[in-house]
Amino acid sequence: MKTYRFGVLGAGNMGAAIVDGAVRAGLFQPAEALLFNRSGEKREANRAKGYAVTGDYTEVYTACDMVLLAVKPQNFDEILPVLAGCTGEKPLVISIAAGVTFARMEAALGADTPIIRVMPNTPLMLGEGATQLVKNAAASEAQLAQVRALFDTMGVTVVFDEEHMLSEVIPYAGSAPAYLYAFADAMVKSAAQHGISEDDALTLFCQTMIGSAKMLLRRDKTPAELIRAVCSPGGTTVEAMKVLEARDLYGILAEACDKCIARAYELGK
């Protein structure tokens, strides 16, 4: 047994949200988690919340049962060779870095290092995340279940058998919030042109997104069936849908998703 149950290497917004969520869910106490930040100010802020803190990231790797790698992908070239030099029992590594593959991590840390790649999205910070997970060969099913249980406390999770699916799924969860925000921004700007305040428009549209998502999650009707239910023949909605169909909304979204996926593979090379 190591000194700490959980460690965060890079306790920025997402790393902090994950450890805070786990503590709120009662998975462990703040004193059982060790957080690394280069910033002394951030370390003190985390210490004030009851966490153990350090300015030496190798301590996180050697002193914790599970280590969340929450640094930016471009920092992995710096940290992996240093972690490779650490001795002792290897922790379960949880990586949330997009594009940093098992092969890249295993080349530095060893193929016997249990690693679980996790792709959360930003709503996780509100406990409403959509997270995807996949384990490497060295990680056990029990370890996967443990990590999934952690992220289940912060939203919904999906487990994939193949690593490449983390790239294939990016447009539909990881990047999807940006598309929804763009749609909301366009709707609010349109509403303003019709004399509706941005605040009122955003309130109405956000609640509509929430309600529509709940109807979709009931799964008693397909998205196409729900569209038809709103589009009364000769009514207002169908006129708007004609414009979206004429401008090939589905084709635009398919192209956007394809570009997103292609970039994910580029980053993984």
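All figures in this text were calculated on a predicted structure; none of them were measured in a lab. (Residues numbered from 1 in each chain as written. Predicted model: local features only at pLDDT ≥ 70, side-chain atom pairs only at ≥ 80, totals over all residues. Heavy atoms only, no water.)

> Explain the environment of Lys135 here, please?
Looking at where Lys135 falls in the secondary structure, it is placed in strand S7 (residues 129-135). Judged by its relative accessible area of 22%, Lys135 is partly exposed. For the pair Lys135 and Ala17, spaced 118 residues apart in the sequence, the C-alpha separation amounts to 22 Å. If we skip the residues at most four places from it in the chain, Lys135 touches Phe102, Ile115, Ile116, Ser140, Glu141 and Leu144. Polar contacts involving the side chain of Lys135 include one to the main-chain carbonyl oxygen of Ala139, which spans 2.7 Å. (Helix = DSSP H or I, 4+ residues; strand = E, 2+ residues; numbered from the N terminus. Buried < 20%, exposed > 50% of the residue type's maximum accessible area, 1.4 Å probe, protein only. Contact = heavy atoms within 4.5 Å. Polar contact = N/O pair within 3.5 Å; in protein donor to acceptor, adjacent residues only side chain to side chain.)

> Would you mind showing me how to read the sheet that holds strand S2 (residues 33-36) here?
Note: strands within a sheet are paired through backbone hydrogen bonds, in either parallel or antiparallel orientation. Read from one edge of the open sheet, eight strands run S3-S2-S1-S4-S5-S6-S7-S8, paired in mixed fashion. Strands with a single pairing partner mark the edges of an open sheet, and in this sheet they are strand S3 (52-54) and strand S8 (155-159). Ignoring which end each strand starts from, the neighbouring axes of this sheet average 25° apart. Here S2 runs beside S3; their pairing, made up of three bridges, is parallel. If you follow Leu35 over to S3, its bridge partner there is Val53. Packed onto the sheet, helix H1 (residues 13-24) meets strand S1 (4-9), S2 and strand S4 (64-69) and runs at close to 160° relative to S1. Lying on the sheet, helix H6 (residues 141-152) is in contact with S1, S4, strand S5 (92-95), strand S6 (115-119), S7 and S8; it crosses S8 at an angle near 155°. (Pairing = 2+ DSSP bridges. Axes fitted to C-alpha atoms, helices over the stretch in contact; angles between N-to-C directions.)

> Is there a simple way to explain the pairing of S8 in this structure?
Here S7 pairs with S8 via five bridges, running parallel. Bridge pairing in S8 links Gly129 to Gly155. Between S7 and its parallel partner S8, the chain crosses via H6, and the hand of that crossover is right-handed. (Right-handed = clockwise from strand over helix to strand, strands pointing away.)

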